[in-house]
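# Per-entry structural report
Single-letter residue listing:
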Amino acid sequence: MTKKLAVVLLLAAVAFSASFVSAQTVDSGKFVLYKYQKKMGVENYSVKMSGDSLELNARFELSFIGGSFGLDTALTYDGDTLAPQRFVTKGKTSTRTTVDAAVTVAEQIATVRTSYGSTTEKVPGKFFTAFHPAPISVQNMLLRYWAKNGKPKDIPLLPGGTARIKYLGKTKVKRNGKTESLARYSIEGVMWGQEIVWVDKDLNLIALVAADAEMDRFEAIREGYGSNLKLFAEVAGKDSVKKLERLSKHISPIHSGSYAIIGAKLIGGKDFNTILDSVIVIRNGRFAAVGKRGKIKIPKGMKVFNASGKTILPGLFDMHAHATQPEWFPASLAAGITTMRDAANEIEFIVPVRDGEEKGSITVSPRLLLAGYIDSGPSSVGSMKAETEKEALEIVRTYRNAGFQQIKIYQSLREELIEVVTKEAHRLGMTVTGHIPRSINIYDAVDKGYDQVNHLGFVMRVMSPRVMKEGEKRNFDPDSDQAKAGFKFLKDSGLVVEPTMARAENSVKALDDDFIATEPGIEKAPFEFRALITSMGMPAEVAARRQRGGEFAKSVLKALHEAGVPLIVGTDLVVPGHTQFRELELFVEAGISPVDAIKSATIVPARAMKLDKKLGTIEVGKIADLVIVDGDPDSSISEIRKTKFVIKDGKMFESAPLWESVGFRP
Ligand SMILES: [Zn+2]
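This write-up is about the structure you can find in this document. (Residues numbered from 1 in each chain as written. Predicted model: local features only at pLDDT ≥ 70, side-chain atom pairs only at ≥ 80, totals over all residues. Heavy atoms only, no water.)

### Observations regarding the overall build of the protein chain
- Along the backbone of the protein chain there are 17 helices and 32 strands.
- Taken along the three principal axes of its C-alpha coordinates, the protein chain extends 85 × 70 × 50 Å.
- Out of the 666 residues in the protein chain, the part that is buried amounts to 59%.
- Looking at the protein chain as shown, the accessible area adds up to about 26100 Å², and 52% of this sits on carbon and sulfur atoms.
- Charge centroids of the protein chain, computed over 91 positive and 79 negative side chains, lie 5 Å from each other. (Helix = DSSP H or I, 4+ residues; strand = E, 2+ residues; numbered from the N terminus. Buried < 20%, exposed > 50% of the residue type's maximum accessible area, 1.4 Å probe, protein only. Areas by Shrake-Rupley, 256 points an atom, 1.4 Å probe, with all protein chains shown as cover. Lys, Arg positive; Asp, Glu negative; His and termini not counted. Charge placed at Lys NZ, Arg CZ, Asp CG, Glu CD.)

### Describing helix 9 (residues 481–493)
- With 13 residues, helix 9 extends 18 Å between its outermost C-alpha atoms, agreeing within 8% with the 18 Å of an ideal straight helix rising 1.5 Å per residue.
- Where helix 9 is concerned, the buried positions are A483, G486, F487 and L490. Viewed end-on, helix 9 has its buried residues packed into an arc of 95°, placing them on one side of the element. Along helix 9, the residues that are exposed and aim more than 90 degrees away from the buried face are D481, K488 and D492. (Expected span 1.5 Å × (residues − 1). Arc of directions from axis to C-beta.)

### Some points on the coordination of the zinc ion
- Around the zinc ion, the protein contributes the donor atoms H320 (NE2) and H322 (NE2), at 2.0 to 2.1 Å from the metal centre. For the pair shown, H320 and H322 are each scored as buried. (Donors = N, O, S within 2.8 Å, 3.2 Å for Na, K, Ca; no water.)

### Some details on the side chain of N441
- Within the element layout of this structure, N441 appears in the loop between strand 27 (431–434) and helix 8 (442–447).
- Discounting chain neighbours no more than four positions away, the residues touching N441 are I436, R461 and R466. (Contact = heavy atoms within 4.5 Å.)

### Notes on the pairing of strand 16 (residues 259–262)
- Here strand 16 shows a buried face lined by Y259 and I261 and a second buried face lined by A260 and I262.
- Two strands pair when backbone bridges link them, and strand 16 and strand 19 (residues 278–283) are joined in this way by four bridges, in the antiparallel orientation. Counted as the bridge partner of A260 is V281 from strand 19.
- Note that strand 16 and strand 21 (residues 303–306) share four bridges and pair parallel. Looking at strand 21, one finds that I262 is bridged to N306. (Pairing = 2+ DSSP bridges.)

Right, dumping it as C-alpha cells:
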C-alpha cells in the first residue's frame, strides 16, 4: 500500500464516523469559539479529495447580536507530504482585522499575494502557509505537517514569519463521561506569542487557548469537549507562568542588591522635583539615598552605575493593560512599565501570573494590579456577567477573594446593578473604574460611586448640562462656561480619568493608513504581530471623519488637565510597550507639559491606586522602581522611546534582551 493511500484510508476511516459526510469528504469538524470564555462563534471545516491532493475548506465565523462575519479559507495540500500547494484566505479574522491573502506554490516557486502587494519567491525545503491565527483547522494542519516532516525546530511560514512547535505534556480531559488523555503543544509564530493547543492521538486539534487577531483572550474548542473550557483555560494559564519563569531564569538583572546610580538628570524626586547630576543609592529593593552629586555619600566599595547624559524617571504605570499573552509582560517591562493595571482578563490566566510575580519566580514582568470586569446581558464582553443583585455580589467577591484591587464596569451592566457593585467593592476596600453603561451619563456614574473612568469618550458628556431638555443639542466647546462647570464637577468629585488617546488614535485608522507614521514601534515587531496590526482599520471615508475627532479630543484633554482633573496613562493594547510611549506623546501634543505627562504615568496613578507611599516618585524609603532613558523626555517627550534600562524592586534590567525575548527588535 502506498503511503498516500494509507493517509487517505486513515482519513476516510475517521470520516465514516461523522454523521453527515459527502462521498468525497474525508474529514470534517466544528470548533466553538470563545472570547474571555464567552461563546462568540464557530468554525466549520471539511477536507475532501482533489486529485492527488486534499483540500481543506474552513469557515471561521464570529456571531454577535445583529449580525455575524467571517473568514473563508481554502488550503490545498499534497496528500502524502502535506506540503501546501494553494492557500487562499479572505474575510475578517476578528471584529477589527481584515484579511485577503493567497499563496500558490508550483515547482518550488511561491506566488504570495497580500494586501501589501505580490511577491514571488523560491520556497524553502520545508514550509507551511498560515496568516493570522484563524482558522483553527489550518493551525491543525501546520501541526500535522510538522509531525509528518521530522518535527523541525523552525517552520518558515508564507506569507511570512516562522512557526515553532514544542511538546509541553499531557492533559486529562473528560468527554461523554470518559477520561481521555490529550497531548499539549505550544505554537509560536502564527499569532504573536505562545498559543497552547491540545491534540488527540490522531493529531486532531481538540482545543486552542491564546489570543485572537485583535488580541483578546480566546478559546477554540472542538465540539464535544466544551465541558473542559475552564480546565483548558487553567492549564494554559499555568503554561504561561512556566514560560515567564523560564524567561526570568534566562534574563538576569545586571544589578541588584546594593548599588548607586550617578550622573543622570533625575525627574520625579521628592515633590516631583528635578535633580541634575543626581546620585541614587539603592539597597535591597528600596531607595536608600537620593540627591545631588556631592551631597550624597556613596559608601566605599559600593558598585556604581554611571548614567551621565541620561535621564531617570520613576517606574511607569500602564493603567490599561489587557495582557492576554505571556509576552505582554516582558515587553511592558522593557518599555519602563514597572506597574501595570490589567483592566479585564481571565482569572485563570492573570492570577497565576500575578502570583508568580509577587512571590518572585517571575521577574520579567511589571508588578500587577488587577481590575476585574463585570457586565450584563447578551452583549456582555465575556463570561463574568450578572443579571441579578446576587450574581453581581458574587462576582465582586470572587474578584476580591482572588486579590483584585478594583472592579471594572462594562457598558452593558444593568443600571440597577451599578450601585450594588460600587457599594460592595468599596465595602471590600476596592475601587471602581469602568466604561459608562448606556443607561446613565458621567454625572450619574460619579453619583453612583465610580472612582475612575476609562476612555475619554465617556467623559465628553460632562460638557453638557446634567439634565438636558428635550431636543437640546450637546455642548462640544471645552472653553464654554458650561464645559468648565462640568470639569469643576469632575475635579470636586475626585474622579480620575484615563483617556486612552493612543488606543483611540489607532481605532480610527484607515486600513491603508501608514501605521508607522504615528507608531514607529510597529517596525520593531515580528512579522506575525505586524500582520495583525496592519490589518486593522476602517474604510478611508469613515476614518477621515472620525480622525477629525482626534484633535478635538486633545483640546478636551488639555481642558481637563487645566481644570485639575487627575489624568492617568493607559494603553489598552495596540503595540506592547510602544503604545505607552505614544500615549505620553499624545498628552504632550494636547498641550500638557512633558513633566505633567510623566506625572500622569507615575505619581498620579500611584495616588489613584493608593500606592503613593510606596511608588510614583524616586524618594528615600520607596520601592526602587525607575527608568533610565538615553535622552531627555523633558526636552522632547519622544525621547522616552530611548528607554534603555528599567529597575523594578531594585533589580536593573537592560531593555534590549527583554524586547528580544518576545520577538521585538530593541
Ligand atoms: Zn479595556
